[in-house]
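# Coordinate analysis (summary)
Letter by letter, the chains look like this.
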Amino acid sequence: YNFWASWCGPCVKELPYFESLHENEDTEELKVVLVSLDFAENRLLSFLERNQLVSEVIFLTDWSGADEEWIPTIHPDWSGAIPITVLHQATEEPAKAKLDAFDGENDLKTWLSDALEE
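Residues numbered from 1 in each chain as written. Predicted model: local features only at pLDDT ≥ 70, side-chain atom pairs only at ≥ 80, totals over all residues. Heavy atoms only, no water.

### Overview of the pattern of salt bridges
The full count for this structure, using the stated rule, is three salt bridges. Lysine 31 is the salt-bridge partner of glutamate 56, the closest N and O atoms lying 2.9 Å from each other. With a gap of 25 residues between them, glutamate 56 in strand S3 (residues 56-59) and lysine 31 in the loop between helix H1 (9-24) and strand S2 (33-36) connect regions that are remote in the sequence. Judged by relative accessible area, which is 35%, glutamate 56 ranks as partly exposed. Residue classification places lysine 31 among the exposed positions, given a relative accessible area of 57%. For the salt bridge of aspartate 100 with lysine 98, the shortest nitrogen-to-oxygen distance reads 2.6 Å. For lysine 98, a relative accessible area of 16% corresponds to the buried category. (Salt bridge = Lys/Arg side-chain N within 4 Å of Asp/Glu carboxyl O. Helix = DSSP H or I, 4+ residues; strand = E, 2+ residues; numbered from the N terminus. Buried < 20%, exposed > 50% of the residue type's maximum accessible area, 1.4 Å probe, protein only.)

Structure below.
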């Protein structure tokens, strides 16, 4: 899961890395899900259309209790700052997380490879 927003510069910069990963990886082994933390659905939809994203996108609409309730359940080290990428595996608790932006597609692939090997 990659938590992002269209107003977040580092988030938008790394979206093509996730799109490439989505297009080039076995979807049974790995699923790319982009979780938008945008405030307005119409802005998100416009952004998605302009950028022709093909990965699955979830629009998170309920921010109530974010800090106390759901942010800590995503990853215990997450402050709520974006971007954050979380790798959930059935056998791993807590999930592995990258708490900042990736510095290129190779950075994402290296992090993912390392996370899957641990």
